[in-house]
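Descriptive structure summary
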Amino acid sequence: MDLFSLINLLMLLLSRKDNDVFLSFSHHDIGKNFGDHLYKDLNSAGIRTLRDDGGIYAGQKSDIKKAIRESRISVVVFSKGYASSTKCLDQLVHIMDSRNKTGLLVLPVFYNVDPSEVSEQKGLFEEAFAKHEKSFHKKMARVESWRAALKEAADLAGMVLQQDRYTSN
Ligand SMILES: *[C@@H]1O[C@H](CO)[C@@H](O)[C@H](O)[C@H]1NC(C)=O
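None of these values were measured; they are calculated from a predicted model. Think of each chain on its own: its residues are numbered from 1, step by step along the sequence as written. Local features in this predicted model are restricted to residues of pLDDT 70 or higher, and side-chain atom pairs are both shown and tallied only at a pLDDT of 80 or more, whereas totals for entire chains, interfaces and linings draw on every residue.

1. Overview of the overall build of the chain
- Helical segments are the DSSP runs of H or I of at least four residues, strand segments are the runs of E of at least two, and each set is numbered from the N terminus. For the chain, the helix and strand inventory stands at seven helices and five strands.
- Counting from the amino terminus, the chain carries its helices and strands in the arrangement α-β-α-β-α-β-α-β-α-α-α-β.
- Throughout, a pair of residues is in contact if the C-beta atoms placed from their backbones lie within 7 Å. Intrachain contacts of the chain at a sequence separation of at least 6 include 81% that bridge at least 24 residues.

2. Focus: the pairing of strand 3 (residues 73–78)
- Partly exposed residues are those whose C-beta has more than 12 but fewer than 20 other C-beta atoms within 10 Å; 20 or more makes a residue buried and 12 or fewer makes it exposed, with C-beta atoms placed from the backbone. Counting buried positions along strand 3 gives five out of six residues, so the element sits mostly inside the fold.
- Any two strands are treated as partners once DSSP identifies two or more bridges connecting them. Note: strand 1 (residues 21–24) against strand 3, four bridges, orientation parallel. Bridge assignment links Phe22 to a residue of strand 3, and that residue is Ser74.
- Two elements, strand 3 and strand 4 (residues 105–111), share six bridges in a ladder whose sense is parallel. Paired with Phe78 across the bridge in strand 4 is Phe110.
- Remark: the strand 3/helix 4 (residues 86–102)/strand 4 crossover connection has right-handed handedness. A clockwise path from the first strand over the helix to the second, with the strands pointing away from the viewer, defines a right-handed crossover.

3. Side note on helix 4
- Multiplying 1.5 Å by the helix residue count minus one yields the expected span of that helix. End to end, helix 4 covers 24 Å across 17 residues, agreeing with the expected 24 Å (1.5 Å per residue, within 8%).
- Two residues or fewer past helix 4, Gly103 is found with a positive phi of approximately 75°.

4. Thoughts on the environment of Asp52
- Secondary-structure assignment places Asp52 in the loop between strand 2 (49–51) and helix 3 (61–69).
- When the C-alpha atoms of Asp52 and Phe22 are compared, they prove to be 8.6 Å apart, with 30 residues separating the residues in sequence.

5. Side note on the sheet that holds strand 3
- In space, the five strands of this open sheet follow the order 2-1-3-4-5, with parallel pairing throughout. Each end of this open sheet is capped by a strand with a single partner; those strands are strand 2 and strand 5 (159–161). The sheet shows a mean angle of 25° between the axes of neighbouring strands, taken without regard to direction.
- Relative to strand 2, strand 1 runs parallel, the two sharing three bridges. Among the inter-strand pairings, Val21 is bridged to a residue of strand 2, identified as Thr49.
- What counts as an axis is a line fitted to C-alpha atoms, over the stretch in contact for a helix, and the angles between N-to-C directions run from 0 to 180 degrees. On the sheet, helix 2 (residues 27–44) packs against strand 1, strand 2, strand 3 and strand 4 and is oriented at approximately 150° with respect to strand 2.

Here is the structure:
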């Protein structure tokens, strides 16, 4: 599967309603390339896509929750650095929660990571969690909710992309 098929799949799924896609990705990691390009491509294909851009939603946690709750689909881009961001992890917990509550469709995209790295928290994901466990040793329930959300999301059917640069077809 390539990005062109992702965009077509989303258009097919959204064709009946004027619904949104919530795009979750690590800005620090892929914000300047893959994340931004995908965001722009989806919007220019007519798919109303929302993301946490640190601008519109800065400091407004409830808006992010609302955006997630009101979306039809969430595309979650797992890159090497996704789990380093507690903001991304909190977002993912809301996404998986909405999946259960509102029937949000969750589509994981594995960008230069293997699904098992995400699901089982290996490699850089393991390193990120070693840090989180130190910083949040008094809030282990939160850390566990992140782990559970990663496993649950990574075990869903998604698409694996191995590429150096963004190409949309
Ligand atoms: C969603 O529902 C499944 C099945 O009941 C459960 O195992 C999972 O923990 C739930 N996820 C969240 C984030 O509530």
